Amino acid sequence: MIPRHVAVQSRRDRIKGVIVHNPYLPYPVRIDEITVETEDKSLKTFKFVFLNPGDEDNFAYRAGQFAELSIAGLGEIPIGIASSPTEKGFVKFTVFKTGKVTSYLHAMKEGDVMGVRGPMGNSYPWDLLEGKNVVIIGGGFAFTTLRSSIVHMLHPDNRSKFKDIHVIYGARSPGMLLYKDELMAWAERDDIHMHITVDGTDDPDWKYHKGFVPAITEQEAPPGTADTYAIVCGPPIMIKFTQPVLDKLGYGHDQIIMSLENRMKCGIGICGHCNIGKELVCKDGPVFTLEELNKTPKEY
Amino acid sequence: MKVIQIDKSELEAGLGKLEKAFRLIGPVKEKGYHLFKTLDSGQKPDLDYMNTRLSARSILYPQSEVMFEFSLDKADEQYAILREPEKDSQPRAVIGIRPCDADAYAVVRRNFDTPEYKDPYWLKNFEATTLVGLACSTPCPTCFCTSAVSGPFSDKNLDIMLVDNGDHYLARIATEKGEKLAADAGWQRPAEGAENRIEDLKLAAEAKIQSEISTDNLANQSLNDLYEAEAAIWEPEAFACINCGTCTHACPTCWCFDVQDETYGKSGFRMRNWDSCMYPLFSLHASGHNPRGTKTARVRQRFMHKLKYYVDKFEQGIQCTGCGRCVRLCPVNIDIRRICNKMNSYDPETCSCAVTS
Ligand SMILES: Cc1cc2nc3c(=O)[nH]c(=O)nc-3n(C[C@H](O)[C@H](O)[C@H](O)COP(=O)(O)OP(=O)(O)OC[C@H]3O[C@@H](n4cnc5c(N)ncnc54)[C@H](O)[C@@H]3O)c2cc1C
Ligand code: SF4
Ligand code: SF4
Ligand code: FES
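Conventions and cut-offs
- Each chain carries its own residue numbering, running from 1 in the written order of its sequence.
- Working convention: letters from A go to chains and numbers from 1 go to ligands, in the order in which they are written.
- Thresholds applied to this predicted model are a pLDDT of at least 70 for local features of residues and 80 or more for the giving and counting of side-chain atom pairs; totals over whole chains, interfaces and linings are not thresholded and use all residues.
- Hydrogens and water are ignored here; the side-chain numbers use all heavy atoms of the structure.
- One heavy atom suffices: a residue is near a molecule or strand as soon as one of its heavy atoms comes within 4 Å of it.
- Secondary structure elements follow DSSP: runs of H or I of four or more residues count as helices, runs of E of two or more count as strands, with numbering from the N terminus.
- Definition used for salt bridges: Asp or Glu carboxyl oxygen within 4 Å of a side-chain nitrogen of Lys or Arg.
- Burial status follows relative accessibility: with a 1.4 Å probe on protein chains alone, a residue under 20% of its type maximum counts as buried, one over 50% as exposed, and anything between as partly exposed.
- Here a cavity means grid points, on a 1 Å grid over the protein atoms only, where a 1.4 Å probe fits yet cannot get out; a pocket means an open set of points with protein on both sides within 12 Å along at least five of seven lines; lining residues are those with an atom within 4 Å of a point.
- Grid points are joined across faces, edges and corners, and a volume is the space filled by probe spheres set on the points.
- Should DSSP find at least two bridges between two strands, the strands are taken to pair.
- Throughout, an axis means a line fitted to C-alpha atoms (over the contacting stretch in the case of helices), and angles, computed between N-to-C directions, take values from 0 to 180 degrees.
- Here, two residues are considered to be in contact whenever any of their heavy atoms come within 4.5 Å of each other.
- For the domains described, the bounds stem from an automatic or database domain assignment.
- Once two parts are put together, the accessible area they lose, assessed with a 1.4 Å probe and summed over both, is termed the buried area.
- Pairs of N or O atoms are called polar contacts if they sit within 3.5 Å, as long as, within protein, a hydrogen donor faces a hydrogen acceptor (for residues adjacent in sequence, only side-chain-to-side-chain pairs).
- When residues are grouped by polarity, Ala, Val, Leu, Ile, Met, Phe, Trp, Tyr, Cys and Pro land in nonpolar, Asp, Glu, Lys and Arg in charged, and all others, Gly among them, in polar.
- Residue count minus one, scaled by 1.5 Å, sets the expected span of a helix.

J.: Provide a residue-level description of the site of ligand 2, including the pertinent values.
T.: The full set close to ligand 2 counts 14 residues, and Cys251(B), Cys320(B), Cys323(B), Gly324(B) and Cys326(B) are the nearest of them. The set of elements that each furnish at least two residues to the shell around ligand 2 consists of helix H10 (295-314) and helix H11 (325-329) of chain B.

Given below as structure tokens:
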């Protein structure tokens with residue numbers, strides 16, 4: 001058994017005289033706020049603040065990246081970053097309750113201490129998207145890094161860098177939409193085209209779309225011109241039926257951007273868990289164009 | 001490079017001197033098989049061996065290792081905050097590692113030591129270790145190192161290579177670490193004309209290697225064509241596999257790991273444990289979806305990784321040193337040599353392999 005009381009070491013260490021960072025060591029964070037997002041309570045948003053000064057700067061990220069949430073004694077899970085780099089002082093993640101770690105996390109309280117390790121992965125291609133029309137297509141709870149992207153693009157410092165922004169976002173019912181207040185607020189703005197939809201609802205006051213995401217995409221998405229890019233995140237079934245619609249609208253496969261999820265452990269390209277062919281989803285992804293995915297085995 | 005001569009009768013005394021500065025690790029025989037162990041004071045490594053049953057991977061990368069520890073005592077100021085445990089950083093020397101296992105360290109280093117991320121556990125162990133290898137004068141029948149990325153006298157990743165020459169070893173010192181170890185052991189006697197002798201022994205050993213693989217066409221093959229060669233390669237090869245994971249655990253060039261937290265009373269540990277792509281859990285999502293849900297998909301992953309993905313990604317040859325362990329230990333005779341030759345000779349036009357053995 002390893003002695004428990006050893007001196008707390010710094011996160012930096014020396015290899016060949018060079019100081020290196022232990023990339024497996026999470027930053028300690030405190031849960032600052034927990035928001036229940038959906039009526040079935042299966043999704044909660046966790047807002048974290050870093051315990052150590054300086055860690056927030058070390059965690060500088062781009063929309064589309066993810067992190068490993070670490071709970072001592074339970075393990076780590078990869079979760080997309082839902083806050084935007086333009087939001088300072090905290091990081092946010094929205095988590096679906098499904099297994100061991102996510103269930104424990106759902107039972108944690110504001111004030112509890114845990115860890116965040118990252119940021120990881122490549123992010124959406126922001127350099128490429130500059131000066132372009134951006135069409136965001138999301139379904140279900142895969143809207144987290146899309147929220148990050150929308151908040152990033154709508155920030156006064158950034159909005160002028162993009163042309164038209166369209167968002168098509170669907171959930172089963174109004175109560176299952178993530179970030180509902182923000183969605184409604186964006187729908188009132190004139191610098192973003194919101195197309196919110198639900199599979200069905202009895203609510204007589206529902207003033208947005210009804211129907212599945214692929215159908216709404218067909219009605220509302222702009223045509224696939226050379227300077228229009230689509231970012232698509234959602235359940236496999238949604239992606240399967242949205243792709244032919246985008247093909248029909250004229251989007252090239254290099255203009256369709258997707259974010260993958262595979263089982264992960266290290267998140268930094270070392271443990272070998274997440275590969276699709278020679279690509280590692282954690283390090284070379286999770287964001288790929290459809291053109292890139294056409295060249296890899298379909299192991300996701 | 002300098003060659004010295006070490007009489008077999010001097011070896012023990014030299015190792016005795018090394019005990020002060022190094023933790024010594026060497027092959028010992030237990031329950032009928034050789035394995036690498038830390039030697040007790042005065043214990044001799046058994047250099048009269050073919051190869052260890054499991055590879056030397058665990059010397060730098062233990063099968064199960066503590067990454068972090070933490071307190072789960074709420075009264076503790078450091079409650080739930082991970083910290084690195086103190087690790088043994090003492091210099092160590094492996095006496096009698098075979099060239100293929102040392103070359104395997106170079107293969108896996110490309111994974112653990114990348115421009116973006118450094119694995120501190122592997123790298124610190126690697127730096128603390130001096131490798132005193134033992135050239136193979138009588139290779140096993142299942143070895144094919146000469147056509148993989150190694151050879152019976154390959155010392156490109158050794159600090160010192162010992163060559164058995166009757167009543168003495170010829171020792172070729174390749175690095176500064178090797179110089180230091182030889183000096184500490186008091187092994188200094190120059191061996192005149194030894195390079196020629198080593199070259200002769202090397203050629204003789206290479207001539208004894210009975211099997212070889214062809215890898216020349218692997219890089220040219222299309223990744224997707226090989227992946228899709230189900231009927232010609234993957235289904236027949238996977239047919240008998242029981243997904244036991246023996247091949248991956250015995251292999252010196254496999255590196256995959258799982259991370260698990262373990263708790264014990266009010267203390268906890270984040271551990272990493274070797275994992276295997278042969279296990280269904282390796283790629284299972286929380287939703288129940290498994291991108292490699294069939295054993296055919298998992299067998300394909302193992303061989304595609306070693307013989308195609310690695311080849312394309314690093315452009316440094318295959319991820320296999322030809323040690324032959326997986327060939328010897330597979331309970332159903334799945335043979336990487338045959339699979340490699342099939343992949344190398346696969347013709348997507350006819351969906352068949354020109355070489356099938
Ligand atoms: C890049 C990326 C971004 C993600 N973003 C989000 C997000 O924003 N919100 C969200 O709710 N979920 C997200 N997920 C899925 C989330 O990681 C899994 O639901 C979670 O790991 C399940 O953990 P568990 O311990 O509760 O489940 P268990 O089934 O008990 O899983 C045990 C372990 O398996 C691994 N694992 C299981 N399923 C997955 C999976 N689908 N992906 C990766 N590792 C898995 C984890 O290491 C986990 O600790 C994301 C996954 C990836 C890869
Ligand atoms: S794949 Fe087989 S022969 Fe090659 S290094 Fe691993 S165990 Fe040895
Ligand atoms: S040792 Fe043989 S049977 Fe076992 S997993 Fe490997 S290939 Fe399959
Ligand atoms: S999660 Fe470890 S390699 Fe991708």
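J.: Tell me about the pattern of salt bridges, residues and numbers included.
T.: Scanning the model with the defined rule gives 37 salt bridges over all chains in all. The partner of Arg325(B) in a salt bridge is Asp101(B), and the shortest N-O contact between them spans 2.9 Å. Here Arg325(B), found in helix H11, pairs with Asp101(B), found in helix H3 (residues 99-112); they are 224 residues apart in sequence, far enough to count as distant. Overall, the relative accessible area of 1% leaves Arg325(B) in the buried class. When the shortest N-O distance is used, the salt bridge between Lys156(B) and Asp103(B) registers 3.7 Å. One end of the pair, Lys156(B), is in the loop between strand S6 (129-134) and strand S7 (160-165); the other, Asp103(B), is in helix H3, and 53 residues separate them in sequence. Since its relative accessible area comes to 58%, Lys156(B) is described here as exposed. One network of salt bridges, in which partners are shared, links Arg30(A), Asp32(A), Glu33(A) and Lys47(A).

J.: Can you explain the layout of surface pockets? Please cite residues and give values.
T.: Residues and elements named next belong to chain B. Within this model, the second largest pocket holds a volume of roughly 870 Å³. Lining the second largest pocket are 34 residues, and of these Arg23, Ser58, Ile59, Pro62 and Asn125 sit closest to its centre. Residue assignment for the lining of the second largest pocket shows that the elements contributing at least two residues are strand S2 (23-30), strand S3 (33-38), helix H2 (57-60), strand S4 (64-71) and helix H4 (120-128). Broken down by element, the lining of the second largest pocket gets its largest block of residues, six residues, from S3.

J.: Requested: an account of the sheet that holds strand S9 (residues 257-264) of chain B, with residues and values cited.
T.: All names here are of chain B. Read across the sheet, three strands follow the order S4-S10-S9 without closing on themselves; strand pairing throughout is antiparallel. Unpaired on one side and paired on the other, S4 and S9 mark the two borders of the sheet. Going across the sheet, the axis of each strand differs from the next one's by a mean of 20 degrees, ignoring polarity. The pairing of S9 with strand S10 (residues 267-274) spans eight bridges and is classified as antiparallel. Following the sheet pairing, Asp258 is matched in S10 by Asn273. Strand contacts of H4: S4 and S10, with the helix running at about 120 degrees to S4, the strand carrying the most contacts.

J.: Kindly report on the domain arrangement of chain A, identifying the contributing residues and their values.
T.: Residues and elements named next belong to chain A. Domain annotation for chain A reports domain 1 (11-119) and domain 2 (126-259). Computed over C-alpha atoms, the centres of domain 1 and domain 2 are 26 Å apart. Taken residue by residue, the interface counts 22 residues in domain 1 and 18 residues in domain 2. At the boundary of domain 1 with domain 2, total buried surface from both sides reaches about 1500 Å², with 59% on carbon and sulfur atoms. If you look at where domain 1 meets domain 2, you find one salt bridge. Remark: the boundary between domain 1 and domain 2 carries eight residue pairs in polar contact (both at pLDDT 80 or more). Of all elements in the fold, only strand S4 (43-50) and strand S7 (91-96) reach the threshold of two or more residues within the side of domain 1 that touches domain 2.

J.: Kindly report on the site of ligand 3, identifying the contributing residues and their values.
T.: Looking at ligand 3, the residues that line it are Cys241(B), Ile242(B), Asn243(B), Cys244(B), Gly245(B), Thr246(B), Cys247(B), Met278(B), Cys330(B), Pro331(B), Val332(B) and Ile334(B). Across the shell around ligand 3, the residue classes break down as nine nonpolar, three polar and no charged.

J.: Quick one: what's the story with helix H7 (residues 236-249) of chain A, residue by residue and with numbers?
T.: Residues and elements named next belong to chain A. The first and last C-alpha atoms of H7 sit 20 Å apart over 14 residues, in line with the 20 Å expected at 1.5 Å per residue. For H7, every residue scored as buried is listed here: Met238, Thr242, Val245 and Leu246. Contacts from the buried residues of H7 go to strand S9 (133-139), helix H6 (213-220), strand S13 (228-233) and strand S14 (256-259). Looking one or two places after H7, you find Gly250, whose phi comes out positive at around 95 degrees.

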